[in-house]
Amino acid sequence: MSTIPDTPARPRALRALRPLSVLALGLAVLGGVATPTVASASPAPPVAAPGVTAAVASDNPIVRYAEDIANGDAETGWGGGSVPYAWGGGHAGGVGPSLGTCAGYTGPAPCRADVTRGTDCSGFTRWVYDLAYGEDVLGAGNTNNQIAEMTSVGAANAQPGDLVFYGTSSTNTHHVGVYIGGGEMIDALETGTNVREDSVSVGSDIVGYYHLNKPLPTQVTTYTASSSTVQFGQQVETFGRTTTGTTEADVYTPGKGWSGWTSLGGTLADDPTAVQYGTQLQVFGRAANGHTYSDVWTPNTGWSGWTDLGGVIASDPVAIQYGNQMQV
C-alpha cells in the first residue's frame, strides 16, 4: 500500500509488446560486426531496425506482464483497460484486481477504495509475479511481507524484474514497484492514478532493490536459419555465417544505427544460433566434423573465442535458457 504524497499524474509512452514464446527473426543479407556492448539500463523500447523482419520483445516475463498491464492489456483476472489504484486491492481472495478497503486508509478523502476494483502497490507486484511464475510466489501480504521473501541486490546490481521498495527500513516499508531498468519502474502509486510507469525517484525514501531467488519458468526462444537475431540490453544483435564459414555479427544501437559487420572467426558448416544468458551473449554452431562450437561474450572480457563442445550432430544446434542452465 502506498502513502507517497500525491503527485500529478504524468502520462508516459509504454511498450506495447506481448510475450513471445517463440521469437523468429531474420535478416535479408549476410555479411560481419563490432564487439557488442551491454548497457547498464534495462532493455529499452524495441526499435524498428533495418532488415529485421519481426519485433523483439523484452525477454523478462516479469517486465513484460507489468508493461502489458500498464498498457491496459487483458490478463488473468482482468478483462483489459487501465487498472486503478485501490487501497487493499489485489489482496482479497485470489490474485489480481479486487475491491479495496477503507480500513487503515491514509489517502485523500473521501475513501472510495471499497467501491474501486483495482490493486494497491503490493497487490500489483503480487499479480505480476503470479503471472510470470505461474504461482502466487509473493503471497497475499503487504510490502513488509514481500520484502522479507526477497534478497537485497543493491542499486548497481538491480535487474529488470526486481522490485524496488520504499520506506524507512526493510521492516517498515510502504510502497513497491517493478523495476524495468533505466531508473524507471511500473507501479500502482496512489489513489487517483492507474498502474503506470514512474521514475524510481517519484519517492525519496528508497529502501533498496530486491530479487526473488527463484528461477523463472522456462522461456524457450528459437531462431530461424540464415541468421540469429536477439535483443541484448538496448541493442539488437544479429549473427550469420558467410560463404567461407566464418560467423559475422552486426549490432544495432538506438541513436547510432548498425555498427557494420565484424567477423568472429570460426568455421561453421551451418547457421549460428545466439541466445542471451544472464549478462552473457552465447553463440552456437555446428562445424563440418559435426562438433558443436560456442563463443561467449561477457562484459569486460569480450568474446571468449570458439570452444569445441564435442558431439556429432547432423543439423543446426538449438540453445535455450532453462532456469539457471544453458541447454544445447
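Every value quoted in this text rests on a predicted model; they were computed, and no experiment measured them. (Residues numbered from 1 in each chain as written. Predicted model: local features only at pLDDT ≥ 70, side-chain atom pairs only at ≥ 80, totals over all residues. Heavy atoms only, no water.)

(A) Expanded view of the packing of aromatic side chains. Summed over all chains, the structure comprises six aromatic pairs. Considering the side-chain rings of Phe 165 and Tyr 210, the 5.5 Å spacing of their centres and the 85° angle between planes classify their relative orientation as edge-to-face. You can see Phe 165 sitting in strand β4 (residues 163-169) and its partner Tyr 210 sitting in strand β8 (residues 206-211), a full 45 residues away along the chain. The exposure class of Phe 165 is buried, given its relative accessible area of 0%. On the accessibility criterion, Tyr 210 (9% relative accessible area) is buried. Arranged with centres 6.1 Å apart and planes meeting at 80°, the rings of Phe 239 and Trp 303 form a pair that is edge-to-face. Here the residue Phe 239 occupies a position in strand β10 (residues 235-241), and Trp 303 occupies one in strand β17 (residues 302-303), the gap between them amounting to 64 residues. You'll find Phe 239 and Trp 303 in the same group, each marked buried. (Phe/Tyr/Trp six-rings, centres within 6.5 Å; stacked < 30°, edge-to-face > 60°. Helix = DSSP H or I, 4+ residues; strand = E, 2+ residues; numbered from the N terminus. Buried < 20%, exposed > 50% of the residue type's maximum accessible area, 1.4 Å probe, protein only.)

(B) Just the pairing of strand β11 (residues 247-253), in detail. By the criterion of burial, β11 is predominantly enclosed, with seven of the seven residues buried. Alternating positions in β11 separate into two faces, Thr 247, Ala 249, Val 251 and Thr 253 on one and Glu 248, Asp 250 and Tyr 252 on the other, with burial throughout. Where β10 lies against β11, six bridges are found, and the strand directions are antiparallel. Looking at β11, one finds that Thr 238 is bridged to Asp 250. Where β10 hands over to β11, the hairpin turn is made up of five residues, of which Gly 245 adopts a positive phi near 95°. Pairing of β11 with strand β13 (residues 262-265), which is carried by three bridges, proceeds in the antiparallel orientation. Bridging across to β13, Ala 249 finds its partner in Thr 262. With antiparallel pairing between neighbouring strands as the criterion, β11 and strand β12 (residues 257-258) make up a hairpin whose turn holds three residues, including Gly 255 at a positive phi of roughly 85°. (Pairing = 2+ DSSP bridges.)

(C) A look at helix α2 (residues 121-133). Taking 1.5 Å per residue, 13 residues should reach 18 Å; α2 reaches 18 Å between its end C-alpha atoms and fits that length. Burial analysis of α2 places 13 of its 13 residues in the buried class, the great majority of the element. Measuring from the side-chain oxygen of the N-cap residue of α2 to the backbone nitrogen of Ser 122 gives 3.4 Å; that N-cap residue is Asp 120. In the stretch just after α2, Gly 134 is the one whose phi turns positive, near 80°. (Expected span 1.5 Å × (residues − 1). Polar contact = N/O pair within 3.5 Å; in protein donor to acceptor, adjacent residues only side chain to side chain.)

(D) Highlighting the packing of helix α1 (residues 61-70) against α2. Two numbers describe how α1 lies on α2: the axes approach to 9 Å, and their chain directions differ by 125°. Our classification of the angle between α1 and α2 gives oblique. Crossing hand, α1 versus α2: right-handed. Contact residues: Pro 61, Ile 62, Tyr 65, Ala 66 and Ile 69 in α1; Phe 124, Trp 127, Val 128, Tyr 129, Leu 131, Ala 132 and Tyr 133 in α2. (Axes fitted to C-alpha atoms, helices over the stretch in contact; angles between N-to-C directions. Parallel < 35°, antiparallel > 145°, perpendicular 65-115°, else oblique. Left-handed = near helix turned anticlockwise from the far one by under 90°. Contact = heavy atoms within 4.5 Å.)

(E) Examining the sheet that holds strand β7 (residues 196-199) more closely. Strand order in this open sheet of six strands is β3-β8-β4-β5-β6-β7, and the pairing throughout is antiparallel. Because the sheet does not close on itself, it has two edges, and the strands there are β3 (151-152) and β7. For β4 and β8, the ladder comprises four bridges, and the chain directions are antiparallel. Opposite Phe 165, over in β8, you have Gly 208 as the bridge partner. Across the sheet, α1 touches β5 (172-181), β6 (184-187) and β7, and the angle it forms with β5 is around 100°. Lying on the sheet, α2 is in contact with β4, β5 and β6; it crosses β5 at an angle near 45°.

(F) Up close: the pattern of salt bridges. Using the criterion set out here, one finds three salt bridges in the structure. The closest approach of N and O atoms between Asp 136 and Arg 126, which form a salt bridge, is 2.8 Å. On the criterion of sequence distance, the pair formed by Asp 136 in the loop between α2 and α3 (143-148) and Arg 126 in helix α2 is long-range, its members being ten residues apart. Overall, the relative accessible area of 31% leaves Asp 136 in the partly exposed class. A relative accessible area of 4% means that Arg 126 is categorised as buried. Measuring nitrogen to oxygen at the nearest pair gives 3.5 Å for the salt bridge that ties Lys 214 to Glu 135. Separated by 79 residues along the polypeptide, Lys 214 in the loop between β8 and β9 (228-232) and Glu 135 in the loop between α2 and α3 bring together distant segments of the chain. Lys 214 gets classed as partly exposed once you look at its relative accessible area, which sits at 33%. Of the residues examined, Glu 135 reaches a relative accessible area of 40% and is grouped as partly exposed. (Salt bridge = Lys/Arg side-chain N within 4 Å of Asp/Glu carboxyl O.)

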